[in-house]
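So the chains spell out like this:
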Number of protein chains: 2
Amino acid sequence: MLLIVGFALCVLAPGCSATDTDIALDAKATLNHRIQSLDLLVFVFLLALTVLTIWLFKHHRVSWLHETGLAVIYGLIVGAIIRYAGTSATLVHMQVEPQGVPTYSDKLPPDTLWFRYPVNQTNGTKPPEGIKTYAYVFRGQVHDVDENEIDLKATFDPEVFFNIILPPIIFYAGYSLKKKYFFRNLGAILTFAIVGTTLSAFLIGGFMYGCVKLMPKYLSSSFTFLDSLYFGALISPTDPLTILAIFNDLRVDVNLYALVLGESVLNDAVAIVLSGAIQNYGEHYSNTGEFETTAFLRSLSDFFSIFLLSLMIGAAMGCLTALMTKFTRVRDFPLLESALFVLMSYSTFLLAEATELTGVVAVLFCGICQAHYTYNNLSEDSRQRTKQIFELLNFLAENFIFSYIGVSMFTFPKHHFDAGFIITAFICAAIGRAVNVYPLSWLLNIKRKPKISTNFQHMLFFAGLRGAMSFALAIRNTVSDERQTMLTATSLIVIFTVVIQGGAANFLLNWLKIPVGVDDETEQLNNYQVHSDVEGGGVNRNKMRLSGGTDTNLDTPVDGTNGSLGGASGGRRRNSHEKAILARIWGNFDTKYMKPLLTHSRPTLLETLPVCCNPIARLLTTTQQLTQDGSEFRRVDSDSDICIDNDTGNGLSQDGSGAAPGVGRRNSLSRMEILEHVQSPVSTRIRLLGFYGKKL
Amino acid sequence: MLLIVGFALCVLAPGCSATDTDIALDAKATLNHRIQSLDLLVFVFLLALTVLTIWLFKHHRVSWLHETGLAVIYGLIVGAIIRYAGTSATLVHMQVEPQGVPTYSDKLPPDTLWFRYPVNQTNGTKPPEGIKTYAYVFRGQVHDVDENEIDLKATFDPEVFFNIILPPIIFYAGYSLKKKYFFRNLGAILTFAIVGTTLSAFLIGGFMYGCVKLMPKYLSSSFTFLDSLYFGALISPTDPLTILAIFNDLRVDVNLYALVLGESVLNDAVAIVLSGAIQNYGEHYSNTGEFETTAFLRSLSDFFSIFLLSLMIGAAMGCLTALMTKFTRVRDFPLLESALFVLMSYSTFLLAEATELTGVVAVLFCGICQAHYTYNNLSEDSRQRTKQIFELLNFLAENFIFSYIGVSMFTFPKHHFDAGFIITAFICAAIGRAVNVYPLSWLLNIKRKPKISTNFQHMLFFAGLRGAMSFALAIRNTVSDERQTMLTATSLIVIFTVVIQGGAANFLLNWLKIPVGVDDETEQLNNYQVHSDVEGGGVNRNKMRLSGGTDTNLDTPVDGTNGSLGGASGGRRRNSHEKAILARIWGNFDTKYMKPLLTHSRPTLLETLPVCCNPIARLLTTTQQLTQDGSEFRRVDSDSDICIDNDTGNGLSQDGSGAAPGVGRRNSLSRMEILEHVQSPVSTRIRLLGFYGKKL
């Protein structure tokens, strides 16, 4: 072999025209690639370290520090090491001007500059090889012309968060949302998320503006109201991962869990759209900088239209996936099915971004629809696989972002520490959260049957940790000093709330005497168990036991019964006055039209649509839907638990107790309902089969 | 709420200083983001379409078109549509020169240019707001200064392939490699992959150079021997996905399957290192462009050192993961365990890249080690999850790259069609493949006991499809006309071989009378079933039935028996003269030291290490290893099938038959061996437990 290689190289012809500059450029490109790999390696190493440490913590039953808190702390340590130990490669820059007579014909600076540079001019041994032209690509405005060193150690383009890190987190939040308790508390969740977040944003904005104006520093002159409003919007969304993990471990009251989780999922969506609208107001609509009615109304319509359109795109793509999985037999090939699921979910994000909507919001509602409809059509293999994949992606993305928050405290070059601003921000964030929780709870309690007790309100207030979304919004735009001050304050608030507030949650739960260990409801709570798996004899039952001890009661009878309870729509009409009207209307519509259309559930469209629509209904009803037997029928419908009432006293009770007693009663009730319900569809099914048979 | 918003905006202070230029820049950035999202959306849509169509094909049992072929075809169609239907946004560029007196103090052009540009100069209503400074980032050399339009529709940075698309494909190849048949044919596979690929690269390079020099065109003057050598290296690796899928469906002879798969996995690694060494020769080592002994030797040592070091990094990281999973109880938390597995595997790639080695090669050997050692330590949940995740990633990445090959034929701006070169390339690629297969088979057949029959050689020749690696290497560097011509030829060769050659494989299998339907060995063949799952009563048995009908025989008794066969190292010593010496030595070492160290398998290090090392051995042996009973012992060791001999006539036989008869005999033999083996360790275990008990 060596001979051949030698022979081959012997006939080498001339033609290697690499200059010294080329070689140096090549070496520089290699170096850049190495540095990028090293940067990523730092974070991967951090994550691996976090995983190992959190295993140790879980192993020794330490629950006061969540993995995200640990990731932040490790991030801070590594960030400090990088900052003070590493050497920095300074970027060389050169001032240039147009060649010849400048013709600024365009409003915009050019996309690329072509720069002629003499090569090999320092190399005396060879004749200069002339001038080469290099292309330079537009990056952005230089705000601080005096600042010489641009130090970019272990930092990423902030858009990475919006395009790579946040989508899987938000999708998973939607995909794993416990629909039953979510819909039961829909009114309260929507109030907290939409009204509360907006209220909090504007109040924080107002307070901050007032406080900053009182400060003697330079900030008071340059800090605009829009800036402080933007800060209000970005600091309002909550991210109570730590609290939810503790709730999950301790099996806290389900409705409290649903409120905290539901609010945190939705207020991310609200905050990102709100901050976009505020930014648009400043950049596009307002000419003078003063308040203008037109500009304000346009921003307002922006807010609602972007939110609703993003929601619709997400829901539409989710439903489209459901249709695809219902009307094809792609479930025979689980790999293809999973691939289709992932591709459709990702395309939702891209579609929303391509149409100038908010991909994150679209992906959230896509996730909810995928869980509500598509999940029922998937094969067992795909159910597991999609859950596991998104669970892992969510885990990695979450911990990556928290590591980055830690590391960037030291390495991100655009931090701006201002003690006054930071203290004010902490106080305002707390006030904003209080305004979000207490007055709205009071308002809700007027009409709400299981009232939100004072202790629960305190817990809700306390669960206002700030997290990934706040940080991503803060780091997105750091061009001005004000924005940099905001980033620093936001980073510190996130770190403080995640580590300190998260760590104190256990203690507070005891202190507020919030009921824990609500055993019978745990299956509903388990955040890591997306859906109860009611199928067959427990084969392939998916036990993702992140939290160690909570998977033991998956096999209790309650499991199966709750699942089938969902299928029994007979429970829907009882005590419906206790539920939000919105949830009731939607529940009706969903059971009658959406589920029969998008999944294999009963009743079919042939039963729910008026007779005149029978041809269409027949077309949209699969044979599987008509021929399935009772057990399969229950299974397929296992997550339509939107319609369960909380008439048995295990809702949010004033004294914080009374969760357990109702369960037994409910179960016995629902078993009867199932019997009633199963009997009636059987006859219908026989009739329908005859009908369908004619067609065939 | 509206009131509050209104009130808040009423107190808006001035300070919105957005200029027209800022707004236009913002709009442009938004547009760019939209276009990028749209580009990605095109590919996601293409993949979804491919998934749906391939489901239809599989549903109707159409096997002549593989999903990658379909992806290429759809890519071509969509590429043509984009090319001829879309409008193009031209980039504006401007020639610049240094401000003031130029001081070219550095050999390198600067990293960034600062460009002062007057804003709002076209807006008459407001006074000009002065000059802003914009930063421009270095991109690269402009080679064709006359070319005005840089058209970048639906294209990606080629480095995306090396850093994002290839790693999961290559890792999965290593992770899912069937070790038994791989090691049984190790000699032949290594010969084909290392010697064959190098031979083929140099021969193709030589032929191409000769042919090009005969051409009257401009190419003959600028085309260097290094260029053609690089072309030889990039066109040599094979990627017979289609063929393997058909082999899998039809259950073709296992040894042929192992040869084709093993070679294709390893020659990717060889080719990427070889092409890197050739490039280094041209850029760094050779000053004159003529053949130089020093430069040649340095390139040669590059080739071997980079290959071996990458291999070692990959293997070391795989073993480190095995140690982590063995000595911690992280398996109690499958999510953490899976996360650790993914992070360690990814960090292998980054580590290799950061140390200027080849990440792709490292990841391949990491995958092999993860499958060989770590997989045995994982919990059942993590086994499934990691297999499923990498299977899905592999599927998406593969189809993405083939879609991109199709689309880029029309949209990539740097194609250069040259009919003569393309025809020559096709002929040379075929000759190179022939030189790879026939002479080496003849050489191997001198010593090899089950010889590679002529028909099998024809099939090996025919299985030389080109794929992802060739394309990625070709598109990596397209600065010169010669490189662009190579890219075009490579793309066409890939498309032709995947679609036409892949489609004809079925026919050829019949024509060459290659035995298919080797039922009893299918479990070993199944590419999508990474390991046979021998545990317990078949609960959680993972059926990834991509190929529809091949999972039916997973539950045959052969399954469990083969698995335990692997554990019975008693079979190792029989007929060992028939195996490659390399494989035998390694097998011995592996069973005696590596497996006991890295997994929970028996015999433990206490048994295999000399007595003097007992303290260390005791430290490295887990209680689980000592206390496991026979059944668990067999399970843990289920994939140590490196040591199975092919003495029963089901190897590569001259007449192409005789695969089935031997199986029964081998099974009966091995069952006896297991019994013998299980009896002896029990006594050893008792002794060891006593020994261990003293320590506790």
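Residues numbered from 1 in each chain as written. Chains lettered and ligands numbered in written order. Predicted model: local features only at pLDDT ≥ 70, side-chain atom pairs only at ≥ 80, totals over all residues. Heavy atoms only, no water.

Under an unreviewed UniProt entry, chain A has the name Sodium/hydrogen exchanger and belongs to Drosophila melanogaster. Heading Sequence similarities (unreviewed entry) of the UniProt record for chain A holds this comment: "Belongs to the monovalent cation:proton antiporter 1 (CPA1) transporter (TC 2.A.36) family." (UniProt positions renumbered as here; feature names shortened; annotations may be inferred.)

Q: Hey, could you run me through the overall build of chain A in this one?
A: In terms of helices and strands, chain A carries 26 helices and three strands. Evaluated residue by residue, chain A yields a buried proportion of 62% over its 696 residues. Relative to all contacts within chain A whose residues are 6 or more apart in sequence, the contacts with residues 24 or more apart total 80%. Carbon and sulfur atoms form 64% of the exposed surface of chain A, whose accessible area is close to 25,800 Å². (Helix = DSSP H or I, 4+ residues; strand = E, 2+ residues; numbered from the N terminus. Buried < 20%, exposed > 50% of the residue type's maximum accessible area, 1.4 Å probe, protein only. Contact = heavy atoms within 4.5 Å. Areas by Shrake-Rupley, 256 points an atom, 1.4 Å probe, with all protein chains shown as cover.)

Q: Is there a simple way to explain the nonpolar core in this structure?
A: One broad rule of soluble globular proteins: the nonpolar side chains tend to lie buried together. Core analysis: the biggest nonpolar cluster contains 311 residues, and A:F231, A:F247, A:M459, B:F231 and B:M459 have the highest contact counts within it. If sequence neighbours within four positions are ignored, A:M459 has contacts with A:I243, A:F247, A:L256, A:L508, A:L509, A:L512 and A:I514. Formed by 18 residues, the second largest nonpolar core is a distinct cluster that contains A:L113, B:M94, B:L108 and B:Y117. (Core = buried A, V, L, I, M, F, W, Y, C linked by side-chain atoms within 4.5 Å.)

Q: Got a minute to help me understand the confidence of the model for chain A in this structure?
A: Note: predicted coordinates in regions of low pLDDT should not be interpreted at a detailed level. Residues and elements named next belong to chain A. Per-residue pLDDT for chain A has a mean of 74; in total, 70% of the residues score no lower than 70. Across chain A, element-level confidence peaks in helix α12 (residues 334-354) with a mean pLDDT of 94 and bottoms out in helix α20 (residues 557-567) with 34. Overall fold confidence for the complex sits at a pTM of 0.79, while the interface term, ipTM, reaches 0.79. (pLDDT = per-residue confidence, 0-100.)

Q: Looking at this structure, I do not really get the pairing of strand β2 (residues 112-118) of chain B. What am I missing?
A: On a regular strand, one side chain projects to one face of the sheet and the next to the other, so that they alternate. Counting buried positions along β2(B) yields six of seven residues, so the element is predominantly enclosed. As paired elements, strand β1 (residues 93-98) of chain A and β2(B) share four bridges and run parallel to each other. Among the inter-strand pairings, A:Q95 is bridged to a residue of β2(B), identified as B:W114. Judged from the seven bridges that link them, β2(B) and strand β3 (residues 131-141) of chain B form a sheet pairing that is antiparallel. Counterpart to B:T112 in the pairing with β3(B) is B:V137. (Pairing = 2+ DSSP bridges.)

Q: Explanation requested: the pairing of strand β3 (residues 131-141) of chain A in the structure shown.
A: Examined bridge by bridge, β3(A) and β3(B) share seven bridges and lie antiparallel to one another. Among the inter-strand pairings, A:F138 is bridged to a residue of β3(B), identified as B:Y136.

Q: So what exactly am I meant to see when it comes to the packing of helix α4 (residues 159-175) of chain A against helix α14 (residues 380-411) of chain A here?
A: Axes are the key here: two packed helices are described by the angle between their axes and the distance separating the axes. Residue and element names in this part refer to chain A. Where α4 contacts α14, the axes come no closer than 9 Å and their chain directions differ by 130°. One way to sum up the angle between α4 and α14 is to call them oblique. For the element pair α4 and α14, the recorded crossing hand is left-handed. Residues F161, I165, P168, I169, F171, Y172 and Y175 of α4 pack against T386, K387, F390, E391, L393, N394, A397, E398, F400, I401 and Y404 of α14. Within the contact of α4 with α14, the residues separate by chemical class into 13 nonpolar, two polar and three charged. (Axes fitted to C-alpha atoms, helices over the stretch in contact; angles between N-to-C directions. Parallel < 35°, antiparallel > 145°, perpendicular 65-115°, else oblique. Left-handed = near helix turned anticlockwise from the far one by under 90°. Nonpolar A, V, L, I, M, F, W, Y, C, P; charged D, E, K, R; others polar.)

Q: Please clarify how the environment of B:I246 should be interpreted in this entry.
A: All names here are of chain B. Along the polypeptide, I246 turns up in helix α9 (residues 241-250). Residues I246 and A201, 45 residues apart in the sequence, show an inter-C-alpha distance of 27 Å. Excluding residues that lie within four positions of it along the chain, I246 makes contacts with S63, G502, A505, N506 and L509.

Q: What am I meant to see in the environment of B:T623 here?
A: With respect to the helices, strands and loops of the structure, B:T623 is situated in helix α24 (residues 623-627). Distance in space between the C-alpha atoms of B:T623 and B:H600 is 9.1 Å, their sequence separation being 23 residues.

Q: What exactly am I supposed to notice about the packing of helix α15 (residues 419-447) of chain A against helix α16 (residues 454-462) of chain A here?
A: Residue and element names in this part refer to chain A. Contact pair α15 / α16: the axes reach a minimum separation of 9 Å and the direction vectors enclose 150°. With respect to the hand of their crossing, α15 and α16 are arranged in right-handed fashion. Contacts between α15 and α16 involve A430, R433, A434, V437, Y438, S441 and N445 from the former and Q457, H458, L460 and F461 from the latter. When its residues are assigned to classes, the contact of α15 with α16 shows six nonpolar, four polar and one charged.

Q: Just to check I follow, could you spell out the sheet that holds strand β1 (residues 93-98) of chain B for this structure?
A: Sheet strands pair by backbone hydrogen bonding; their relative direction is either parallel or antiparallel. The sheet built from six strands closes into a barrel, its strands ordered β1(A)-β1(B)-β2(A)-β3(A)-β3(B)-β2(B) with mixed pairing. Each strand of the sheet is rotated relative to its neighbour by a mean of 45°, with strand direction disregarded. Where β1(A) meets β1(B), three bridges bridge the pair, whose relative direction is antiparallel. Across the sheet, A:E97 pairs through a bridge with B:E97, a residue of β1(B).

Q: Looking at this structure, I do not really get a nonpolar patch on the surface. What am I missing?
A: All names here are of chain B. Together, F207, I423, I427 and I431 make up a nonpolar patch on the protein surface, roughly 350 Å² of accessible area in all. At three residues, the largest contribution of residues to the nonpolar patch is made by helix α15 (residues 419-447). Along the chain, I423 falls in helix α15. (Patch = residues over 30% accessible without salt bridge, like charges linked within 9 Å, V, L, I, M, F, W, Y side chains within 5 Å. Salt bridge = Lys/Arg side-chain N within 4 Å of Asp/Glu carboxyl O.)

Q: Whenever I open this one, the pattern of salt bridges confuses me. Can you help?
A: A pair can form between side chains of opposite charge whenever their charged atoms are brought close. Enumeration according to the criterion identifies 14 salt bridges over all chains in this entry. One salt bridge in this structure joins A:R34 and B:E356, with 3.1 Å as the shortest N-O distance. Taken as a pair, A:R34 in helix α2 (residues 20-59) and B:E356 in the loop between α12 (334-354) and α13 (359-377) lie in two separate chains rather than in one. Taking the relative accessible area as the measure of exposure, B:E356 reaches 45% and is therefore partly exposed.

Q: How should the domain arrangement of chain A be read in this particular structure?
A: Frequently, the measure chosen for interface size is the accessible area that the parts lose on association. Looking at the assigned domains, one finds that chain A contains domain 1 (158-282 + 394-523) and domain 2 (581-622). Computed over C-alpha atoms, the centres of domain 1 of chain A and domain 2 of chain A are 38 Å apart. (Domains from an automatic or database assignment.)

Q: In this structure, what is going on with unusual backbone geometry? I would like to understand it.
A: Of all residues except glycine, most have a negative phi; of all peptide bonds, most are trans. Unlike most non-glycine residues, A:K513 shows phi in positive territory, near 50°. The residue A:K513 is located in the loop between α18 (481-511) and α19 (522-525) in this model. Phi at B:E356 takes a positive value of approximately 60°, unusual for a residue other than glycine.

Q: I tried to follow helix α17 (residues 468-476) of chain B on my own but got confused; where do I start?
A: Since there are 3.6 residues in each turn of an α-helix, residues three or four apart along the chain are aligned in direction. When you tally the buried positions in α17(B), you get eight out of nine residues, the bulk of the element. All of the buried residues along α17(B) are B:A468, B:M469, B:S470, B:F471, B:A472, B:L473, B:A474 and B:I475.

Q: Sorry if this is basic, but what is going on with the side chain of A:S403 here?
A: With respect to the element layout, A:S403 can be found in helix α14. Ignoring any residue separated from it by four or fewer positions in sequence, one finds A:S403 in contact with A:F43, A:L46, A:L47, A:A71 and A:G75.

Q: Before we go on, may I ask you to explain helix α4 (residues 159-175) of chain B in this structure?
A: Residue and element names in this part refer to chain B. Its 17 residues give α4 an end-to-end C-alpha distance of 24 Å, which sits within 8% of 24 Å, the value for a rise of 1.5 Å per residue. At L166, α4 shows its strongest bend, of approximately 50°, with the proline P167 following within four residues. Burial analysis of α4 places 12 of its 17 residues in the buried class, the great majority of the element. Within α4, the full set of buried residues consists of F161, F162, I165, L166, P167, P168, I169, I170, F171, Y172, G174 and Y175. (Expected span 1.5 Å × (residues − 1). Bend = angle between axes of the 7 residues up to and from the residue.)

Q: Honestly, the packing of aromatic side chains in this entry has me stumped. Any pointers?
A: Note on aromatic pairs: each is described by the distance of the centres and the angle between the planes. All names here are of chain B. Per the stated rule, a full pass over the model turns up 50 aromatic pairs over all chains. Ring geometry for W586 against F589: centres 5.9 Å apart, planes inclined by 40°, an arrangement best described as tilted. Pair noted here: W586 and F589 are both in helix α21 (residues 581-598), with a separation of three residues, about one helical turn. A relative accessible area of 38% places F589 in the partly exposed class. (Phe/Tyr/Trp six-rings, centres within 6.5 Å; stacked < 30°, edge-to-face > 60°.)

Q: Got a minute to help me understand the state of the cysteines in this structure?
A: What we call a disulfide is simply a covalent bond connecting the sulfur atoms of a pair of cysteines. A complete count under the given rule lists zero disulfides over all chains for this structure. With no disulfide partner, A:C428 has as its closest neighbouring cysteine sulfur the one in A:C211, 4.8 Å distant. Free cysteine: B:C319, not disulfide-bonded; nearest cysteine sulfur from B:C369 at 4.6 Å. The exposure class of B:C319 is buried, given its relative accessible area of 15%. (Disulfide = S-S within 2.5 Å.)

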